[in-house]
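Results of the structural survey
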Amino acid sequence: MLSFILKKFAGRHHRKYIEKCRPIVTRINEFEQQYQALSDDQLRAKTDEFRGRLKQGETLDQILPEAFAVVKNAARRMSGRKVIVCDHELTWDMVHFDVQLIGGMTLHEGRIAEMATGEGKTLVATLPLYLNALTGKNAQLVTVNDYLARRDSEWMGHLYNFLGITVGCIQQSMHSEQRREMYNRDITYGTASEFGFDYLRDNGMATRKENQVQRDHFYCIVDEIDSILVDEARTPLIISGPAPIEREQPFTRLKPGVEQLVAIQLRQINKLVKEASDLLEKPGLTAEDKQTAAMKMLQVKLGMPKNKQLLRLQENPEWRKLLDKTDVEMHSDFNKDELYKYKEELYFTIDEKNHQADLTEVGRTKLRPDDPDAFVLPDLATIFIEIEKETTKTPEEKEAAKREAQARYEVISEDIHALSQLLRAYSIYERDVEYVVQEGKVVIVDENTGRIMSGRRWSDGLHQAVEAKENVTIERETRTYATVTIQNYFRMYEKLAGMTGTAETEATEFNEIYRLAVTQIPTNQPCIRIDQNDSIFKTRRDKYNAVVKQVQEAQARGQPVLVGTVTVEQSEVLSRMLKRANVIHTVLNAKFHQQEAEIITRAGQRGSVTIATNMAGRGTDIKLGEGVRELGGLFVVGTERHESRRIDRQLRGRCSRQGDPGMTKFFLSLEDDLMRLFLQGNLASKIMEGSMKEGEELEHKWLNYSIESAQKKVEQQNFAIRKRLLQYDDVLNKQREVIYGIRNGALHSDRPKDIIFEMIEEEVATRLESAGYGEKGGAAANLESLVGWLNSHFPVSAKVEELTGDAESLLKSIVERIKQAYALKESVEDQEALGGLERYIVINAIDHHWQEHLTEMEELRKSIGLRSYGQKDPLSEYKGEAYRFFEELMNNIRLQICTSLFRSATNRDAFENLFAILSRSARMQGPAAAPTALGAAVQTTQTGGGTAEAPAAAAEQEIKLPAVTIRRETPKVGRNDPCHCGSGKKFKNCHGA
Ligand code: ADP
Ligand code: MG
């Protein structure tokens, strides 16, 4: 009842929006009517007319009705024409419907248009893309795979070309030359990862602006936006390469121990489960027996939640209820100690819901009888205090002892982490469910779509742990060159829009994370799909048997069936069963997009049976074959409720497009993951517990509701996880913006020496400050070291006695001297090449340290996870640390720039010329340290940039400098500036307090 009212209410808000659009629709159609009288050329001329009017100051909103009308009219003129799309010929037969015009407006406004499958979203997008491309900036459309990018750009390309608008598409195989050409067109189609990787390459790797391919991030429509911004967004885009030094992997070392532990625990668990079942089946079961059995079952659940025997016990509703009750009771605060006691009887415990695994005391002792503390984090603070107290040690010895303690801490924390990942790998990650092993590699299976995610890796060492478990090569640790999350990539666009058949359930997320509102667009024809109640069975086997029976019946009638599965494995199980039943069918796993797209177009033919994972053939329309309408249209069968309602809706939406008939039904079992985890102890299980027998079928409206509410819970949980991840990533994102900003500045400037001198100035200022020239001014304490530093970096022949005056004027005069020295250098360099050299200096410094920083930030993430055992909020800890890391990064970059400025030359001649001039001038100025500034280090740089990596030989030649990295005690931020952590408070009241 309540949901009914809510639906009405939400519906009203969408209706209001639609009403607002109506008058504009009328105007578009009036214009379109007028345009019918124009010649083709006159219509095409409108494109330039609009461009001109925009330059004159008209806004996109003002010309929207005319522009949309032009597109619609072009579509009308195209009707009946033969067009080639992906090497196939088809006839253009589309003219925008009114609801499609509304969809177009929604997209132009930067919202999400929820339009059901088959409503023609591909065509809808042409309207706002055309309009926004008129600005001269790049309008983009993101598709879910390469094939659809090509198909849609070619298909709609006929329309754009008719209007004199250029369109391109990015394909994975393209090299940067081609990519740049594609981005230079008015409209560009491509996948999220191609766009994201191009961004990373442009900003994190390109060493010349000519290597950059993207123009701007202006307007982007994301097709199937839920799939991309919700499902895909869980794995960030990473460009990586092998790490320079290979570290010893703890996984292989720890694996035998873990394997042994898992085996012992398995024996223990089997014993426990046997005892429990013996007790329960004992005639004359006492209340006490029952209690004991319950606790044993609970222990089994804690130790091995997916234990088959336990699942079997739970098939008895009475025992299931008993276990659930005990579980809930024992997890209450009241029973904390007792639960702990029970946990401690195991070797390790597993929290399936939270994907966690922990060793117990017994487990630790078993693993390392000689040193049970090997897996307990030492208390560093106390250890340091102890070391300080020792009177027999010299300061150097104390320092060494501390370093040793620190190193031990790091080893232990890494071990703990690896251990828990290994336990997870063995206990929660099941081969062929969560991952598959292909050609000696562990490949992730996307849990939502069943898609094989080649090339992606679990983070945090989990992937290595699974590799260790499967005895395949543990891939070397890699160094991250550049990374961005999908979320943060898309947040860069000035205007973002999206379209999908299913956004409503995730509306909060779209709104909170992307500020995207969802608008439901009514369908062109009323939807007459019949969604039947779910059927629930006791076991998976029963369920599959029922599915096979349904499929057979439908096939006998001639009605086409599309069977949706959650995983590839399930698809295969079902396919085997159908084969045994002599049902001819096709299986799609979302591996070969184009081929599968062609198969799925035929899924609506009479008598066809298609099994598909969720993503397979997405984006391809299923048209009904002849005579199928009369049979009730396409029959969509779901074999498992998905964690997220959206994915279920997506499956249902595959039938009944454009007013077609169609029917959907889900078949579930009590053994399904979702049912097992989240339906425990609620209304549904009460209904079932009494009567459910093997082979029996249960069906009721209420069941659908309780399953939905279980789904809602999981959705919220997953959203919370994604949001949390994003909060962490936001920290890195801000840093990336700063770094890429500087990098791009250098890349786009002909002579980026301004950036260099800014850096130098800041470095000198910092050093003046630490030399005692701080706010107080005057009495400098540590001038020798400052002078030493200056002379070893710049040929300025500074002397202590010259350094007088206040900090400000000193800074000015020092920088002035460095500039003069540089002017001298400029005079002997190849003028053409200087820009490239300067660029190289900045970019090389940034890349080297930024990549190191990325790795450090990753480690920080891991260690923060461990620290969160304390009372502190890990996120704010992370922010604080990240800021310190960033400070250090900037210091290092600055320093490297200072170091390399006078040590690089465009060629060896220039270097020697400079050397000659300098030694002459140095002589004139007296015996100063000028030559040391140059020493023996020549860093010959390729003219015009070259690669970002310094030639190894040159790097080796570099003279050693004293360790000069300055670690500021407090970050250099104005006390009244807003705090770096984003709290909105002033720095002095937040992290600076
Ligand atoms: P969606 O992406 O919304 O699921 P598609 O863009 O794949 O839908 O289009 C589905 C089908 O509808 C396509 O076969 C397309 O040719 C057809 N179609 C779309 N718009 C129109 C229209 N205005 N008139 C006729 N057919 C249309
Ligand atoms: Mg589509």
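Here is what the cut-offs are and how they apply
Residues numbered from 1 in each chain as written. Chains lettered and ligands numbered in written order. Predicted model: local features only at pLDDT ≥ 70, side-chain atom pairs only at ≥ 80, totals over all residues. Heavy atoms only, no water. Helix = DSSP H or I, 4+ residues; strand = E, 2+ residues; numbered from the N terminus. Buried < 20%, exposed > 50% of the residue type's maximum accessible area, 1.4 Å probe, protein only. Contact = heavy atoms within 4.5 Å. Areas by Shrake-Rupley, 256 points an atom, 1.4 Å probe, with all protein chains shown as cover. Pairing = 2+ DSSP bridges. Expected span 1.5 Å × (residues − 1). Near = heavy atom within 4 Å. Polar contact = N/O pair within 3.5 Å; in protein donor to acceptor, adjacent residues only side chain to side chain. Nonpolar A, V, L, I, M, F, W, Y, C, P; charged D, E, K, R; others polar. pLDDT = per-residue confidence, 0-100. Axes fitted to C-alpha atoms, helices over the stretch in contact; angles between N-to-C directions. Phe/Tyr/Trp six-rings, centres within 6.5 Å; stacked < 30°, edge-to-face > 60°. Lys NZ or Arg CZ within 6 Å of the ring centre and 35° of its normal. Parallel < 35°, antiparallel > 145°, perpendicular 65-115°, else oblique. Left-handed = near helix turned anticlockwise from the far one by under 90°. Core = buried A, V, L, I, M, F, W, Y, C linked by side-chain atoms within 4.5 Å. Salt bridge = Lys/Arg side-chain N within 4 Å of Asp/Glu carboxyl O.

Side note on the overall build of the protein chain
Summing up its helical and strand segments, the protein chain has 36 helices and 25 strands in all. Sorting the 993 residues of the protein chain into buried and exposed places 53% on the buried side. Across the protein chain, every contact between residues at least 6 apart in sequence was considered, and the portion connecting residues at least 24 apart equals 75%. For the protein chain, the accessible surface area stands at approximately 45,700 Å², while carbon and sulfur atoms represent 51% of it.

Overview of the pairing of strand β15 (residues 495-500)
Of all six residues in β15, six are buried, a share of seventy percent or more. Burial along β15 is two-sided: Lys 495, Ala 497 and Met 499 and Leu 496, Gly 498 and Thr 500, pointing in opposite directions, are all buried. As paired strands, strand β3 (residues 112-114) and β15 are joined by three bridges and run parallel to one another. Paired with Glu 114 across the bridge in β15 is Thr 500. Pairing analysis gives five bridges linking strand β7 (residues 219-223) to β15, with the strands arranged parallel. The residue bridging Tyr 219 from the neighbouring strand is Lys 495, located in β15.

Let's talk about unusual backbone geometry
The backbone phi angle of Glu 439 is positive, close to 45°, even though this residue is not glycine. Tracing the backbone through its elements, the reader meets Glu 439 in the loop between β11 (435-438) and β12 (441-445). Even without glycine at this site, Gln 658 takes up a positive phi of about 50°. Counting through the fold element by element, Gln 658 comes out in the loop between α25 (645-652) and β23 (662-669).

Quick notes on helix α12 (residues 287-303)
End to end, α12 covers 24 Å across 17 residues, agreeing with the expected 24 Å (1.5 Å per residue, within 8%). Among the 17 residues in α12, 12 count as buried, and that is most of the element. Three or more residues of α12 are buried, namely Asp 289, Ala 293, Ala 294, Met 295, Lys 296, Met 297, Leu 298, Gln 299, Val 300, Lys 301, Leu 302 and Gly 303. In this fold, the buried residues of α12 make contact with α11 (250-281), α13 (308-314), α14 (317-330), α15 (336-344) and β9 (348-351).

Considerations on the site of ligand 1
Near ligand 1, the surroundings consist of 17 residues, among which Val 95, Gly 118, Lys 121, Thr 122 and Lys 623 are the closest. In this structure, Val 95 approaches ligand 1 through a main-chain N or O atom, which is 2.8 Å from a nitrogen atom. Computed on the free molecule, ligand 1 has an accessible area of 570 Å², of which 88% lies beneath the protein chains in the complex. Ranked by the residues each element gives to the shell around ligand 1, the list is headed by helix α5 (residues 121-124), at three residues. Tallied by class, the residues present in the shell around ligand 1 amount to six nonpolar, five polar and six charged.

Focus on the confidence of the model for the protein chain
Caution applies to low-pLDDT parts of the model: their predicted coordinates are not meant to be read in detail. Per-residue pLDDT for the protein chain averages 81, and the proportion of residues at 70 or more is 84%. When pLDDT is averaged over each helix and strand of the protein chain, the minimum, 27, is found for helix α36 (residues 952-957) and the maximum, 98, for helix α6 (residues 126-133). Note on residues 1-8: pLDDT under 50 across the span, and zero contacts to partners over four residues away in sequence or across chains. Per-residue pLDDT stays below 50 along residues 918-975; that stretch engages in 103 contacts with residues further than four places along the chain or on separate chains.

A few points about the sheet that holds strand β4 (residues 139-143)
Strands belonging to one sheet form pairs held by backbone hydrogen bonds; the direction of such a pair is parallel or antiparallel. Spatially, β5-β6-β4-β7-β15-β3-β16 is the arrangement adopted by the seven strands of the open sheet, whose pairing is parallel. The open sheet has two edge strands with one neighbour each: β5 (167-169) and β16 (518-520). Mean inter-strand twist for the sheet, computed between neighbouring axes without regard to direction, equals 20°. In terms of strand pairing, β3 meets β16 through three bridges, oriented parallel. Note on β16: the bridge partner recorded for Glu 114 is Gln 520.

Digging into the packing of aromatic side chains
Here the structure, examined in full by the defined rule, presents 13 aromatic pairs. In this arrangement the basic side chain of Arg 44 is found over the ring face of Phe 162, its NZ or CZ atom lying 5.1 Å from the centre. Between Arg 861 and the ring centre of Tyr 728, over which it is positioned, the NZ or CZ distance is 4.6 Å.

As for the packing of helix α17 (residues 380-389) against helix α18 (residues 395-427)
Two numbers describe how α17 lies on α18: the axes approach to 10 Å, and their chain directions differ by 160°. On the basis of the axis angle, α17 is roughly antiparallel to α18. The interaxial crossing formed by α17 with α18 has right-handed handedness. Note on element contacts: α18 touches α17 through Lys 398, Ala 401, Lys 402, Ala 405, Gln 406 and Tyr 409, opposite Leu 380, Ile 383, Phe 384, Ile 387 and Glu 388. Looking at the contact of α17 with α18 residue by residue, the class counts come to seven nonpolar, one polar and three charged.

Remarks on the side chain of Glu 467
Within the element layout of this structure, Glu 467 appears in helix α19 (residues 462-469). The class for Glu 467 is buried, based on a relative accessible area of 2%. Once residues lying within four places of it in the same chain are set aside, the contact partners of Glu 467 are Val 442, Arg 457, Val 472, Thr 473, Ile 474 and Glu 475.

Focus on α15
Side chains that are three or four residues apart share a direction in an α-helix, a result of its 3.6 residues per turn. Taken together, the buried positions of α15 are occupied by Leu 339, Tyr 342 and Glu 344. Looking at the buried residues of α15, the elements they touch are α12, α14 and α16 (361-367).

Observations concerning the nonpolar core
Nonpolar side chains in soluble globular proteins generally cluster together in the buried interior. The biggest cluster of nonpolar side chains holds 156 residues, and the ones touching the most others in it are Leu 129, Tyr 189, Phe 490, Phe 510 and Ile 818. In this structure, Leu 339, Tyr 342, Leu 422 and Ile 474 belong to the second largest nonpolar core, which totals 58 residues.

Digging into the side chain of Asp 223
Along the polypeptide, Asp 223 turns up in strand β7. Beyond its immediate stretch of four places on either side in the chain, Asp 223 contacts Lys 121, Leu 141, Val 142, Val 144, Asp 152, Ile 228 and Met 499.

With respect to the pattern of salt bridges
Tallied over the entire structure, the rule returns 58 salt bridges. As a salt-bridge pair, Glu 494 and Lys 137 come within 3.8 Å of each other at their nearest N and O atoms. Placement of the pair is Glu 494 in the loop between α20 (486-490) and β15 and Lys 137 in the loop between α6 and β4, with a sequence separation of 357 residues. Looking at Glu 494, the relative accessible area reads 58%, which means it is exposed. One network of salt bridges, in which partners are shared, links Lys 46, Glu 49, Arg 53, Glu 58 and Glu 66.

Quick look at the packing of helix α3 (residues 60-78) against helix α4 (residues 98-108)
Two numbers describe how α3 lies on α4: the axes approach to 12 Å, and their chain directions differ by 140°. Comparing the axis directions of α3 and α4 gives the class oblique. The two elements α3 and α4 cross, and the hand of that crossing is right-handed. For the pair α3 and α4, contact is made by Leu 60, Asp 61, Leu 64, Phe 68 and Lys 72 and by Asp 98, Leu 101, Gly 104, Met 105 and His 108, respectively. Each residue belonging to the contact of α3 with α4 can be placed in one class, and the counts come to five nonpolar, two polar and three charged.

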